[in-house]
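A look at the structure
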Amino acid sequence: IMRWHENVNLNRGGLQLALTYCPLTGTALVFDRSLVGGVEFGISGLLYRNNVVLFDRTEGEPSFIVQMTRTPSCGPMARSGQLLPMVASWELKWGAWKEMYPNTLVVSGDTGFPRPYQLPPDPEYERLDNDDVTVPIPIDPRRPPKERVLGIPVGFDGGPAFPFEELKKRERHAIGFSQAGKGGIVFWDRDAEGALAFFTEVDGSDLTFSVATNGYVDAETGTLWRLDGLAIDGPLVGTRLTPIPEAYVAFWFAWADFQPETWVWTG
């Protein structure tokens, strides 16, 4: 559904969200519409460095926003200097997500549009070493062009990238790092094919993590944590780690183009 429509405006439980996906850059980002007046967004049909450009559907002059920068490039939002606020989101295999959230709701394929939603994506375009892109750009040679990475931007240039092909070498990882002066941790699970980033501070103290047989454990309290940052056993049971909202998954070529000073984790 997202490969065809690239945006869903969601209103549920008091939330006003824009769920966006760019199939060319492999980027799924979620934005909080309530902080920009609750406006709905659409897909402009324009691209910026291979990335989808959104527009707001308000009457009058529209604003155009590049998904990966969250920066309005023209229109009223650009003149106000407003940055589109992100909401933390994760990419996992469906089975892993449903195991953690069995009562989850799913966007329906009954959209009223005659689209072949069940067809698989273009496997050739997403092949790791395929350097074919719609808008020609120099491609950073440090990783395969279409490898997926979890990127955590620092401003608009730099920040770590965690390549999935490196992460896949182990069943689980708990990778500590520093994010804008704060402690961060990436949990990886190979079966879920998920890399999730969190801040490590809980109740004013930073925790340090390692891999356990059935999850992740912190050294300070011995609490067992789940992939999604939920404490499931031990002194902190029921506590949730705070997700890093700016973290998202992208094809390497796109991440490196938007964040050329990125550093790459290699194990």
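Because the structure is a prediction, the values reported are computed rather than measured. (Residues numbered from 1 in each chain as written. Predicted model: local features only at pLDDT ≥ 70, side-chain atom pairs only at ≥ 80, totals over all residues. Heavy atoms only, no water.)

1. A closer look at the sheet that holds strand 13 (residues 194-199)
Paired through backbone hydrogen bonds, the strands of a sheet run either parallel or antiparallel to each other. Pairing is antiparallel in the open sheet, where three strands are placed in the order 11-12-13. This sheet does not close on itself; its edge strands, each paired only once, are strand 11 (172-179) and strand 13. For this sheet, the mean inter-axis angle between neighbouring strands, taken without regard to orientation, is 20°. Bridge count for strand 11 against strand 12 (residues 182-189) is eight bridges, and the pairing is antiparallel. Residue pairing in the sheet places Ile 175 in a bridge with Val 186 of strand 12. (Pairing = 2+ DSSP bridges. Helix = DSSP H or I, 4+ residues; strand = E, 2+ residues; numbered from the N terminus. Axes fitted to C-alpha atoms, helices over the stretch in contact; angles between N-to-C directions.)

2. Comments concerning the nonpolar core
Counting 29 residues, the largest nonpolar core has Phe 31, Phe 41, Tyr 248, Trp 252, Phe 253 and Trp 255 as its most contacted members. Here this core gets six residues from one element, more than from any other, and that element is helix 5 (residues 252-258). Excluding residues within four positions of it along the chain, Trp 255 makes contact with Met 68, Val 149, Gly 151, Ile 152, Pro 153, Gly 158, Gly 159, Pro 160, Ala 161, Tyr 248, Ala 250 and Thr 262. Leu 92, Leu 196, Phe 209 and Leu 236 belong to the second largest nonpolar core, which has 17 residues in total. (Core = buried A, V, L, I, M, F, W, Y, C linked by side-chain atoms within 4.5 Å. Buried < 20%, exposed > 50% of the residue type's maximum accessible area, 1.4 Å probe, protein only. Contact = heavy atoms within 4.5 Å.)

3. Side note on the pairing of strand 9 (residues 148-151)
Along strand 9, one buried face is formed by Arg 148 and Leu 150 and the opposite face, lined by Val 149 and Gly 151, is buried too. The pairing of strand 9 with strand 20 (residues 248-251) spans four bridges and is classified as antiparallel. Each residue of the ladder has a partner; that of Val 149, found in strand 20, is Ala 250. Sheet analysis places strand 9 next to strand 10 (residues 160-163), joined by three bridges and oriented antiparallel. Looking at the pairing, Gly 151 lines up with Ala 161 of strand 10.

4. Some thoughts on the pattern of salt bridges
In the structure shown here, the tally under the stated rule is 16 salt bridges. One salt bridge in this structure joins Glu 166 and Arg 143, with 3.2 Å as the shortest N-O distance. With Glu 166 in helix 4 (residues 164-167) and Arg 143 in the loop between helix 3 (94-100) and strand 9, this residue pair connects regions lying 23 residues apart in the sequence. For Glu 166, a relative accessible area of 14% puts it in the buried group. The class for Arg 143 is buried, based on a relative accessible area of 14%. Here Glu 166 and Lys 169 are joined by a salt bridge, their closest N and O atoms 3.1 Å apart. In the salt-bridge network here, residues are joined through shared partners; they are Arg 143, Glu 147, Glu 166 and Lys 169. (Salt bridge = Lys/Arg side-chain N within 4 Å of Asp/Glu carboxyl O.)

5. Some words on the sheet that holds strand 8 (residues 86-87)
The strand order 1-2-3-8 describes an open sheet built from four strands, whose pairing is antiparallel. Edge strands, defined here as strands with exactly one partner in the open sheet, are strand 1 (7-12) and strand 8. Of the pairings in the sheet, the one linking strand 3 (residues 27-32) to strand 8 comprises two bridges and is antiparallel in character. Bridge pairing in strand 8 places Val 30 opposite Val 87.

6. Overview of the pairing of strand 10
On strand 10, burial covers both faces: Pro 160 and Phe 162 on one face and Ala 161 and Pro 163 on the other are all buried. Pairing of strand 10 with strand 21 (residues 263-264), which is carried by two bridges, proceeds in the parallel orientation. The residue bridging Pro 160 from the neighbouring strand is Trp 263, located in strand 21.

7. A look at the packing of aromatic side chains
In this structure the tally under the stated criterion is 15 aromatic pairs. A centroid spacing of 5.2 Å and a plane angle of 65° characterise the contact between Phe 164 and Trp 188, whose relative ring orientation is edge-to-face. Here Trp 188 lies in strand 12 and Phe 164 lies in helix 4, a separation of 24 residues in the sequence. This pair shows no difference in class: Phe 164 is buried, exactly as Trp 188 is. Taken together, Trp 90, Phe 187, Phe 198, Phe 209, Tyr 216 and Trp 225 form an aromatic cluster joined through their ring pairs. (Phe/Tyr/Trp six-rings, centres within 6.5 Å; stacked < 30°, edge-to-face > 60°.)

8. A word on the side chain of Thr 20
When you line up the elements, Thr 20 lands in strand 2 (residues 15-22). Residue Thr 20 is classed as buried on the basis of its relative accessible area of 3%. Here Leu 29 takes part through its backbone oxygen, which lies 2.7 Å from a polar atom of the side chain of Thr 20. Reaching out from Thr 20, the side chain makes a polar contact with the side chain of Gln 67 at a distance of 3.0 Å. Apart from residues lying up to four places away in sequence, Thr 20 is in contact with Met 2, Glu 6, Asn 7, Thr 27, Ala 28, Leu 29, Phe 31, Leu 54 and Gln 67. (Polar contact = N/O pair within 3.5 Å; in protein donor to acceptor, adjacent residues only side chain to side chain.)

9. Let's talk about a negative patch on the surface
Taken together, Glu 201, Asp 203, Asp 206 and Glu 220 make up a surface patch of like negative charges. Summarising the element assignment, Glu 220 is placed in the loop between strand 17 (215-218) and strand 18 (224-225). Overall, the relative accessible area of 43% leaves Glu 220 in the partly exposed class. (Patch = residues over 30% accessible without salt bridge, like charges linked within 9 Å, V, L, I, M, F, W, Y side chains within 5 Å. Areas by Shrake-Rupley, 256 points an atom, 1.4 Å probe, with all protein chains shown as cover. Lys, Arg positive; Asp, Glu negative; His and termini not counted. Charge placed at Lys NZ, Arg CZ, Asp CG, Glu CD.)

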